[in-house]
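An overview of the molecular structure
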Amino acid sequence: MGEMMIEEKQKKFLTVAPFQCAWSKDLKFKEAGRGCVAFDAFAHNDVTLVFRENVGSQHYHYKRDNSPHYTVILGSHRNRRLKIEVDGKTVVDAEGIGLCCSSSFQSYWICIYDGWISIGNGRYPFQNLLFQWLDSNPNCSVQYVGLSSWDKHVGYRNVNVLPLPQNHMLLWKQVDFVEHGGEDGDEELEDEQMEYEKWGLENYLENWELSDVIFVVGDEERPVPAHNVILQASGSFPSSLSDEDVIELKDVAYPILRALLQFIYTGRTQISESQLVSLRALSLRFEVVLLAKQCEETLDRFKLNKKLFGSGKNVELLCPNSRPHCSSTFPVGLPVNVQKLKKFQSDGDYSDTSIFIEGFGLVARPHKVILSLWSFPFAKMFTNGMSESSSSEVYLSDVSPDAFKIMLNFMYGGEIGLEDTAEFGNLLLQLLLLADKFGVALLYQECCKILLECLSEDSVCPILLAVSSIPSCKLIEETCERKFAMHFDYCTTANLDFISLDETTFSSIIQHQDLTVTSEERVLNAILMWCIGATELYGWEKVDELVASSSPDLIFQDRLQSLNNLLSFVRFPLLPSHMLEKLGQSNLCKHIHMFYYLVKEAIDYVEFGPARAKIDQNIRFQHRRSSYKELQYICDGDRNGVLYYAGTSYGEHQWVNPVLAKRITIAASSPTSRHTDPKALASRTYQGTSFAGPRMENGRKCSWWMIDIGEDHQLMCNYYTLRQDGSRAFLRFWNLQGSLDGMNWTNLRIHENEQTMCKPGQFASWSINGPNSLLPFRFFRVVLTGPTAGASSDPWNLCICFLELYGFFR
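**Focus: the overall build of the chain**
For the chain, the count of helices and strands is 28 helices and 30 strands. Across the 810 residues that make up the chain, the buried fraction comes to 53%. A separation of at least 24 residues holds for 69% of the contacts in the chain among residues at least 6 apart in sequence. Summed over all atoms, the accessible surface of the chain reaches about 36,400 Å², with 47% contributed by carbon and sulfur.

Below is the structure:
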């Protein structure tokens, strides 16, 4: 799994050339008008993202787009401005915001929520917000994301479209600290937990909790508690590495020490002008370099301009780049030397606890205050009277030693030390679960981010199996389910990992609005394999054989009821009629009532059509549109049909005759000749004489033109166009048919004494209605079922010089 995830991660890199745009069906909002895209970009300027209702082409450019869309340009005007355009018109032109980095990849995120566009940088959405703008006339249809550029190449990687939770402004706040040892519904614990989200090192300032060093200050010998590891990582304080140190400072006033400790624990402090010299002296004494420097700079400014400090107010001293501290930024913004902190971790210096893992032994000798800063469960463990409060030893079970060491490294250094090894994927999952168990929010978020970046069709099932029961992993679970649904064929045939999914997860995938599948038979096969707990890959016919020699109770066991529940999600009416006939005679129909009912309903629908309007509204009778590209009929001779699309190499190149390009194959009932030329039927040039001559089939005379769109493609045809050649042999009796194998044919439209064609060279088009318009076929043919009218030669010549098909294409 690790190798697969690494390989997928490497594939994510993409370079977009100037004036081009990259589109993918995966880059799609889960809900129209609402979604967030996170990505890394490498560019000199003009990182351009386009948001449209539909996918554009590779050569798409937003300046030539007449359809509604949003365009966000980072680093516009040679990397000087941020621009937002609506339908090609500039609505935002802000200077110096969201600029690009040409020396390395930089992380950005863009969120759209009902016209509210938010832009930020960094790895986590809704953090580091740069700009927001509200569209007074919002476009709530945008769904697809295009990665574009202007006049220079742009590199993209780690591009992910993320769903928005109900409270979209808290996307990464979905961390529920579970398994903390309290009973479910413990309101007091929940209140403490909410308060802990605001916890930081400042909460340990002069706090006796977990302290292991005491300052004795002034003549009054006032005791002030502190924490050795924090002091030693910030400066150089006297220490004997004993259980409890005492540092006597009888020559120091309490306010001076208070200011020193406040600077160390919070990154800022205030002190009166008269005490600056004393604070500088104490800072130099204990080598708190950053504070001593701040004092010196303030004193120098005071010497230059005494009016600055003549008001008698306190002077504020700030650690460089500091900001109000919270646990998620430790030790950023504090005068803590991270290298010293990490050395204390590795050497065990000033440690006040030892962590043992069942089956492994001693794994680390960390510091209680550091663990408590990051983890609410550890904080409670060390302070609420549990055995760990008084003991220096902690024993853990069901914990991966390797993952625990990585979590500790993150607590001390703020980085995940995961190497690209074969165990990368498994270790990342273990780390995610560990971060969730101990409530290390930022580590959990980082693991989520990496998992989403590495998510592939091969890794989606193992990840789902690991996170589906964890409430705080809902975002990952939903993203995995969507990935699985969009690659359903692969995920249910490449391996059998999906058999181990629980019913709720598997049912959610089957019902997913983005379920992409080549045929309903694949859905039926996957459900039957899941319900039987299959150990090998097979189809419904194999299960049917098992039912013939046993009983459903024995075959499906405890998943028999699940089978009845899941079968209702199979859209049986979309199956070919010949397959429905086989299913109707199967043992599954004979022995499983729900199976019989659904198959009979589908057969009745195919034979008699919808008897009531509400049947058409039932989802079982509706095509899964996300499986296919819609090629919609606009007018006779347009460029929207299958043959034209195939001639462009499916949107990649300029059009050439698809027969010459070998994208499709056209055959006739008579041998190829001067006037029976397969290329003519796909040509955009009018042919005066073009016909397929008659042949005998099953003792009957018939003529036909047949199109094979290729073994990798299928079409659900809902419209087609014909063009009469220059003759007066007008069609009156013919059928349009579809087939999966080129031998068994299904009538899509029957024409009996059709009078539409009445002029040489005339176009005519007809819709395909009813259940058969929902069936996918590879082969199509126009077959003459009766003589033509007005023929001057053989009335069984099928005289057409153009054929085009429309519908849902895969």
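**Thoughts on helix α18 (residues 503–510)**
By the burial criterion, the buried members of α18 are T505, F506, S507, I509 and I510. Buried residues in α18 make contact with α15 (460–467), α16 (474–486), α17 (488–491), α19 (520–532) and α22 (560–567). For α18, the N-terminal cap is D502; the gap from its side-chain oxygen to the backbone nitrogen of T504 is 3.1 Å.

**So, the pattern of salt bridges**
For the structure shown, the criterion picks out 22 salt bridges. Between D65 and R52 there is a salt bridge, with the nearest N and O atoms lying 2.7 Å from each other. Of the two residues, D65 sits in the loop between β4 (47–52) and β5 (69–75) while R52 sits in strand β4, which places them 13 residues apart along the sequence. Residues D65 and R52 agree in their burial class; the two are buried. Across the pair D514 and R482 runs a salt bridge whose closest N-O atoms are separated by 3.0 Å. With a gap of 32 residues between them, D514 in the loop between α18 and α19 and R482 in helix α16 connect regions that are remote in the sequence.

**Concerning the confidence of the model for the chain**
Atom-level detail of predicted coordinates should not be read off regions where pLDDT is low. The predicted model of the chain has a mean per-residue pLDDT of 84, with 88% of residues at 70 or higher. Confidence over residues 1–11 falls short of pLDDT 50; this stretch has 27 contacts with residues more than four positions distant or in other chains. Ignoring residues within four places in sequence, the model shows residues 322–329, a span with pLDDT below 50, making 21 contacts including any to other chains.

**Topic: the sheet that holds strand β1 (residues 14–16)**
The strand order across the open sheet formed by 6 strands is β1-β12-β3-β8-β9-β10, and the pairing between neighbours is antiparallel. With partners counted over all chains shown, the strands left at the sheet margins are β1 and β10 (129–134), one partner each. Looking at each pair of strands side by side, their axes are set apart by 25° on average, direction ignored. In terms of strand pairing, strand β8 (residues 106–113) meets strand β9 (residues 116–121) through 6 bridges, oriented antiparallel. Bridge pairing in β9 links C111 to S118.

**Concerning α15**
Of all 8 residues in α15, 7 are buried, a share of seventy percent or more. Residues of α15 that are buried include every one of V460, C461, P462, I463, L464, A466 and V467, and no others.

**Some remarks on the side chain of S683**
Relative to the elements of secondary structure, S683 occurs in the loop between α28 (678–682) and β23 (695–697). Taking relative accessible area as the criterion, S683 reaches 12% and is therefore assigned buried. Of note is the side chain of S683, whose polar atom sits 2.9 Å from the backbone nitrogen of T685. Here S683 is in contact with W655, N657 and F802, once residues within four sequence places are set aside.

**Some remarks on the packing of aromatic side chains**
Enumeration over the complete set of coordinates arrives at 28 aromatic pairs. Ring centres 5.6 Å apart and planes at 70° place the aromatic pair Y645 and Y650 in the edge-to-face group. Ring centres of F777 and F780 lie 6.2 Å apart, and the angle between their planes is 90°; this geometry places the pair in the edge-to-face category. The burial state of F777 is the same as that of F780; both residues are buried.

**Brief notes about the packing of helix α13 (residues 424–437) against helix α14 (residues 441–454)**
It is at 9 Å that the axes of α13 and α14 come closest, and there the two elements cross at 150°. For the pair α13 and α14, the crossing hand works out as left-handed. Two secondary-structure elements touch here, α13 through F424, L428, L429, L431, L432, A435 and D436 and α14 through L443, Y444, C447, C448, I450, L451 and C454. Residue composition of the contact of α13 with α14, by class: 13 nonpolar, no polar and 1 charged.

**A word on the pairing of strand β11 (residues 144–148)**
Burial within β11 is extensive, with 5 of its 5 residues counted as buried. Here β11 shows no split at all, with Y144, G146 and S148 on one side and V145 and L147 on the other all buried. Note: strand β2 (residues 21–22) against β11, 2 bridges, orientation antiparallel. Looking across to β11, one finds that C21 is bridged to S148. The sheet contact formed by β4 and β11 spans 5 bridges and is antiparallel. Looking at the pairing, V50 lines up with G146 of β11.

**Quick look at the nonpolar core**
By size, the foremost hydrophobic cluster in this structure holds 141 residues, and its most contacted members are F215, F404 and F572. Once residues lying within four places of it in the same chain are set aside, the contact partners of F404 are I355, I357, V363, F378, L396, V399 and L434. Formed by 40 residues, the second largest nonpolar core is a distinct cluster that contains I664, A692, Y720 and L798.

**Some points on the environment of R749**
Within the secondary structure, R749 is located in strand β27 (residues 746–751). For the pair R749 and L736, spaced 13 residues apart in sequence, the C-alpha to C-alpha distance is 5.3 Å. If sequence neighbours within four positions are ignored, R749 has contacts with W734, N735, L736, W766, S767 and I768. Engagement of the side chain of R749 in a polar contact is seen with the backbone oxygen of S767, the distance being 2.8 Å.

**Description of the side chain of N160**
Tracing the backbone shows N160 in strand β12 (residues 154–162). A distance of 3.5 Å separates a polar atom in the side chain of N160 from the backbone oxygen of N158.

**Quick word on the sheet that holds strand β6 (residues 81–86)**
An order of β2-β11-β4-β5-β6-β7 is seen for the 6 strands of this open sheet, with the pairing classed as antiparallel. With one partner strand each, in any of the chains shown, β2 and β7 (89–95) form the two edges of the open sheet.

**What about the pairing of strand β14 (residues 222–226)?**
Regular strands show a simple pattern: their side chains alternate between the two faces of the sheet. As defined by bridge partners, strand β13 (residues 213–217) adjoins β14 across 5 bridges and the pair is classed as antiparallel. In the strand pairing of β14, F215 is matched with V224. Once β13 ends, the chain turns through 4 residues before running back antiparallel as β14, passing G218 with a positive phi of about 70°.

Analysis parameters
- Residues numbered from 1 in each chain as written.
- Predicted model: local features only at pLDDT ≥ 70, side-chain atom pairs only at ≥ 80, totals over all residues.
- Heavy atoms only, no water.
- Helix = DSSP H or I, 4+ residues; strand = E, 2+ residues; numbered from the N terminus.
- Buried < 20%, exposed > 50% of the residue type's maximum accessible area, 1.4 Å probe, protein only.
- Contact = heavy atoms within 4.5 Å.
- Areas by Shrake-Rupley, 256 points an atom, 1.4 Å probe, with all protein chains shown as cover.
- Polar contact = N/O pair within 3.5 Å; in protein donor to acceptor, adjacent residues only side chain to side chain.
- Salt bridge = Lys/Arg side-chain N within 4 Å of Asp/Glu carboxyl O.
- pLDDT = per-residue confidence, 0-100.
- Pairing = 2+ DSSP bridges.
- Axes fitted to C-alpha atoms, helices over the stretch in contact; angles between N-to-C directions.
- Phe/Tyr/Trp six-rings, centres within 6.5 Å; stacked < 30°, edge-to-face > 60°.
- Left-handed = near helix turned anticlockwise from the far one by under 90°.
- Nonpolar A, V, L, I, M, F, W, Y, C, P; charged D, E, K, R; others polar.
- Core = buried A, V, L, I, M, F, W, Y, C linked by side-chain atoms within 4.5 Å.

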